[in-house]
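Close look at the chain arrangement
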Amino acid sequence: MFSVICVQKYALYFLYTSFLPTFFAIFPKYMLPLSPVMAEPLAERLRPRSLDDYIGQRHLVGEGAVLRRMIDAGRVSSFILWGPPGVGKTTLAQIVANQLEIPFFTLSAVTGGVKDVRDVIERAQRGRFFNEASPILFIDEIHRFSKLQQDSLLGAVEKGTVTLIGATTENPSFEVIRPLLSRCQLYVLKSLEKEDLLQLLHRALTQDVVLRERNIELRESGALLRYSGGDARKLLNILELVVEAAPTDEVVITDTFVEQCLQQNPLAYDKDGEMHYDVISAFIKSIRGSDPDAALYWLARMIEGGEDPKFIARRLVISAAEDVGLANPNALLLANAAFEAVMKIGWPEGRIPLAECTVYLATSPKSNSAYLGIGSALELVRRTGNQPVPLHLRNAPTELMQDLGYSDGYQYPHDFAGHFTPQQYMPDALQQERLWHGQHSPAEQKLYERMVNYWGKRYEE
């Protein structure tokens, strides 16, 4: 009896997932309300089947856009879709295959290996007829493929055995090997905008086979949009959760109700992904640009997203040395003190010294003369090699070294007025090189003027 029930159950599941979606797409008038228990997730039920139903990415698939023109022409070359989660990468790949009516193979970089890649390529090659468009091989999370796995794709992509469509949330410049990247176009997908998300909400409430049978009033959408973070899949998952959590058949969606249902951090922040580097970049550039409001905002984004406080503190120390530098030498002291304070007190109080340091650095005068100076020095060393140290600067701990002239003629600056006397410190071949150029902030101006006083024309700009 149990086995019969199982067979019936899986037969119904197969009927629903494999046959009915196609049947209803062709004959929508026969579509009947289905039980939410049997239904697929809302995000899957609303997955677009054509470009006309696709929401967002108008710069790629809008009228006259590059990808739209290729699809309309019936021929697409291999390409990689780069964008955050939930913006339609997988859906777009499926639409391309559907509209071109060509075979569609998929591989997951999480579970697939080199053998799987070769098997798919062989199947694609065997199933292809003359003059027929190349089958599409879609690889989700292609950035997770190893170099060896990516190498196994090169021949098939170059010969046109398959048309590769890769999807990645990470920067392909770092994660995809250069030979493969050179054989593919790169298209950047953006997080969905407010208008796109509202359009998706309206479609879900009016067209979904399950939700349209419920009495749902969308009174407020702010929380839904905020928690989704531009991710269509997350938006639909939240909407489905909120509707199912309603105590009655009449569902009134408000910001408060959404927040009560979720009770979680709404921020999208992948500490190992692209978002991580984007936010820290915005944080440092806001400090460098002397905008304390923006710097505090990005600091708050990192704190709410669960960033490691040590990482934030280290970046502040770097910023103090690189961007504030000699214009306010106290900045490095404060940044280092903030780092130590965070290590001692942890969260949540650690946010206070981090905020104090952030505001101090953002409002301080800026100088990157030390940063530029060491950069110039490194370039000079690489260009000129190991120049010999002048004899008078060499140490002479032995009698032999003294006989060879080591340290001979060295003048001890503290023996002279003002603790300075001019002498050669650079290698013989580099005596005329200038590496540090003083920048005329109030604090650094004094340092610059002292150098002009000591060295004369050498430091006059």
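Everything quoted here is computed from the prediction, not taken from an experiment.

**What about the overall build of the protein?**
Regarding its fold elements, the protein presents 21 helices and seven strands. Within the protein, the proportion of its 461 residues that are buried is 41%. For the protein, the accessible area works out to roughly 26300 Å², and carbon and sulfur atoms hold 55% of it.

**What to know about the sheet that holds strand E2 (residues 104–108)**
In any sheet, the strands associate via hydrogen bonds between backbone groups, in a parallel or an antiparallel arrangement. Across the sheet, five strands lie side by side as E2-E3-E4-E1-E5; this open sheet has parallel pairing. The two strands at the open ends of the sheet, each matched to only one other strand, are E2 and strand E5 (185–188). Mean inter-strand twist for the sheet, computed between neighbouring axes without regard to direction, equals 20°. Bridge count between E2 and strand E3 (residues 136–140): five bridges; the pairing is parallel. Looking across to E3, one finds that Thr-106 is bridged to Phe-138. Packing against the sheet, helix H5 (residues 89–100) makes contact with strand E1 (79–82), E2, E3 and strand E4 (163–168), and its axis sits at approximately 175° to E3.

**Description of the side chain of Thr-421**
Its place among the elements puts Thr-421 in the loop between helix H20 (399–403) and helix H21 (442–455). Filtering out sequence-adjacent residues up to four positions away, Thr-421 remains in contact with Gln-411, Pro-413 and Phe-416.

**Notes on the nonpolar core**
Ranked by size, the top nonpolar core spans 29 residues in total, and within it Leu-211, Leu-239, Ile-253 and Val-258 carry the most contacts. For this core, the secondary-structure elements that each account for two or more residues are helix H2 (42–45), helix H10 (194–207), helix H11 (222–228), helix H12 (232–245), strand E7 (250–253) and helix H13 (255–262). Discounting residues that sit within four places of it in the chain, Ile-253 has contacts with Ile-216, Glu-217, Leu-218, Arg-219, Glu-220, Leu-224, Leu-239, Val-242 and Val-258. Membership of the second largest hydrophobic core comes to 25 residues, among which are Leu-51, Leu-67, Phe-79 and Ala-93.

**Thoughts on the pattern of salt bridges**
Inspection of the entire model under this criterion finds 19 salt bridges. A salt bridge links Arg-68 to Asp-72; the nearest nitrogen and oxygen atoms lie 3.8 Å apart. Placement of both Arg-68 and Asp-72 in helix H4 (residues 66–73) is noted, with a separation of four residues, approximately one turn of the helix. The buried category is assigned to Arg-68, whose relative accessible area is 11%. On the basis of relative accessible area, Asp-72 is assigned to the exposed category, the value being 54%. With its nearest N and O atoms 2.8 Å apart, the salt bridge here joins Arg-144 to Glu-141. Sharing partners across several salt bridges, the network here consists of Asp-52, Glu-63, Arg-68 and Asp-72.

**Observations regarding the confidence of the model for the protein**
In this model, the protein carries an average pLDDT of 79, and 85% of its residues clear a pLDDT of 70 or more. Per-element confidence in the protein is highest for helix H18 (residues 351–363), whose mean pLDDT is 91, and lowest for helix H1 (residues 2–26), whose mean pLDDT is 41. Across residues 1–38, where pLDDT falls below 50, the model places 21 contacts with residues more than four positions away in sequence or in other chains.

Conventions adopted
Residues numbered from 1 in each chain as written. Predicted model: local features only at pLDDT ≥ 70, side-chain atom pairs only at ≥ 80, totals over all residues. Heavy atoms only, no water. Helix = DSSP H or I, 4+ residues; strand = E, 2+ residues; numbered from the N terminus. Buried < 20%, exposed > 50% of the residue type's maximum accessible area, 1.4 Å probe, protein only. Areas by Shrake-Rupley, 256 points an atom, 1.4 Å probe, with all protein chains shown as cover. Pairing = 2+ DSSP bridges. Axes fitted to C-alpha atoms, helices over the stretch in contact; angles between N-to-C directions. Contact = heavy atoms within 4.5 Å. Core = buried A, V, L, I, M, F, W, Y, C linked by side-chain atoms within 4.5 Å. Salt bridge = Lys/Arg side-chain N within 4 Å of Asp/Glu carboxyl O. pLDDT = per-residue confidence, 0-100.

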